[in-house]
Amino acid sequence: ETKRRKFPRFYSVAAADLIDVLSRGKHPPAVQPHFSKFTDNIAGFEWDEQPGADNGGSSTDASSSAVLSAVGMHASDGERVSFGTPLICEGQVEDWLSRLMAHAQSSLRETLQESVSAYLELKHEARLRDYPCQVVLNTSQIWWTSDVNDAFERLEQGHESALKEVHASCASNLVALTELVLGKLSREMRVKVKTLITIEVHARDVVQR
């Protein structure tokens, strides 16, 4: 109960699984099979292993004394998000898991900020290739909201075609995405494009109405 209070995600983990997590907590990769039980879709983290102070003994001992840094994470479908700054995971399992979850969130937030800033500079294919799907979708919605708000302001200033221009931009985006989805794509990229098309169709329809 003390461990669960310190890391509330443990409340969604069965007692037997929690005991396994606590017993393996000194070696973070050994906890990975349980990540999906207290996260939405993190299949595992990627580790950079540096030997600890004592490298003697068996390979198992060396592994357990290693200092591990999380350098990225991946979903069950293979999508990967790298961390701009590695995070050292050591100490009690509930402590480093709390730091790791917060670090994963802040890394996604930084990736989203970067994607939003680069939106006008990158073509659809580059954005879909360089950023996770959820970040691409959120970036699209942020810019669409900004464009629509700007159109309302221009309407008040007498620019009667402001919303029509946004609608034309939405249609142009859909043409580009349609051409992209008809090409040769990896399975992951095709899912990204199809999902973005769904969002963009909704955005176009809202502007049209």
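Everything that follows concerns the structure shown earlier in this document.
Residues numbered from 1 in each chain as written. Predicted model: local features only at pLDDT ≥ 70, side-chain atom pairs only at ≥ 80, totals over all residues. Heavy atoms only, no water.

Peer 1: Is there a simple way to explain the nonpolar core in this structure?
Peer 2: For soluble globular proteins, the rule of thumb is that nonpolar side chains tend to be buried together. Formed by 22 residues in total, the largest nonpolar core has its most connected members in Phe 10, Phe 45, Trp 96, Leu 97 and Leu 100. Taken together, the elements giving at least two residues each to this core come down to helix H2 (15-24), helix H3 (35-38), strand E1 (42-50), strand E2 (67-75), strand E3 (80-89) and helix H5 (93-118). Not counting the four nearest positions on each side in its chain, Phe 10 is found in contact with Lys 3, Arg 4, Leu 18, Val 21, Leu 22, Phe 38, Glu 94 and Leu 97. Among the nonpolar cores identified, the runner-up in size contains 16 residues, and Leu 128, Tyr 131, Met 189 and Leu 196 belong to it. (Core = buried A, V, L, I, M, F, W, Y, C linked by side-chain atoms within 4.5 Å. Buried < 20%, exposed > 50% of the residue type's maximum accessible area, 1.4 Å probe, protein only. Helix = DSSP H or I, 4+ residues; strand = E, 2+ residues; numbered from the N terminus. Contact = heavy atoms within 4.5 Å.)

Peer 1: Teacher, can you tell me more about the packing of helix H7 (residues 133-156) against helix H8 (residues 162-181) here?
Peer 2: Packed helix pairs are specified by the crossing angle of their axes together with the interaxial distance, meaning the distance between the axes. One can describe the packing of H7 onto H8 by two numbers: an axis separation of 8 Å at closest approach and a directional angle of 155°. Put simply, H7 runs roughly antiparallel to H8. For the pair formed by H7 and H8, the contact residues are Trp 144, Asp 147, Val 148, Ala 151, Phe 152, Arg 154 and Leu 155 on the first element and Ala 162, Leu 163, Glu 165, Val 166 and Cys 170 on the second. (Axes fitted to C-alpha atoms, helices over the stretch in contact; angles between N-to-C directions. Parallel < 35°, antiparallel > 145°, perpendicular 65-115°, else oblique.)

Peer 1: Could you clarify how one ought to interpret the side chain of Ser 115 in this entry?
Peer 2: Position of Ser 115 relative to the elements: it lies in helix H5. When neighbours within four sequence positions are excluded, Ser 115 is seen to be in contact with Tyr 131, Val 135 and Thr 139.

Peer 1: What's the story with the packing of aromatic side chains in this structure? I'm lost.
Peer 2: Each pair of aromatic rings is reported with the distance of its centres and the angle of its planes. Counting across every chain of the model gives nine aromatic pairs. With centroids separated by 5.2 Å and ring planes inclined at 15°, the aromatic side chains of Tyr 119 and Trp 143 adopt a geometry described as stacked. In this pair, Tyr 119 is assigned in the loop between H5 and helix H6 (124-130) and Trp 143 in helix H7, connecting sequence segments 24 residues apart. Members of the aromatic cluster, each reached through a chain of ring pairs, are Phe 7, Phe 10, Phe 35, Phe 38, Phe 45, Trp 47, Phe 83 and Trp 96. (Phe/Tyr/Trp six-rings, centres within 6.5 Å; stacked < 30°, edge-to-face > 60°.)

Peer 1: Please clarify how the pattern of salt bridges should be interpreted in this entry.
Peer 2: Between side chains of opposite charge, a pair can form when the charged atoms approach closely. Taken as a whole and assessed by the stated rule, the structure comprises 10 salt bridges. A salt bridge links Asp 150 to Arg 154; the nearest nitrogen and oxygen atoms lie 3.2 Å apart. Of this pair, Asp 150 and Arg 154 are both found in helix H7, four residues apart, which corresponds to roughly one turn of the helix. By relative accessible area, which is 36% here, Asp 150 ends up partly exposed. The partner of Arg 204 in a salt bridge is Asp 205, and the shortest N-O contact between them spans 3.0 Å. With a relative accessible area of 27%, Asp 205 lands in the partly exposed category. Overlapping salt bridges, with partners in common, bring together Asp 150, Arg 154 and Glu 165 in one network. (Salt bridge = Lys/Arg side-chain N within 4 Å of Asp/Glu carboxyl O.)

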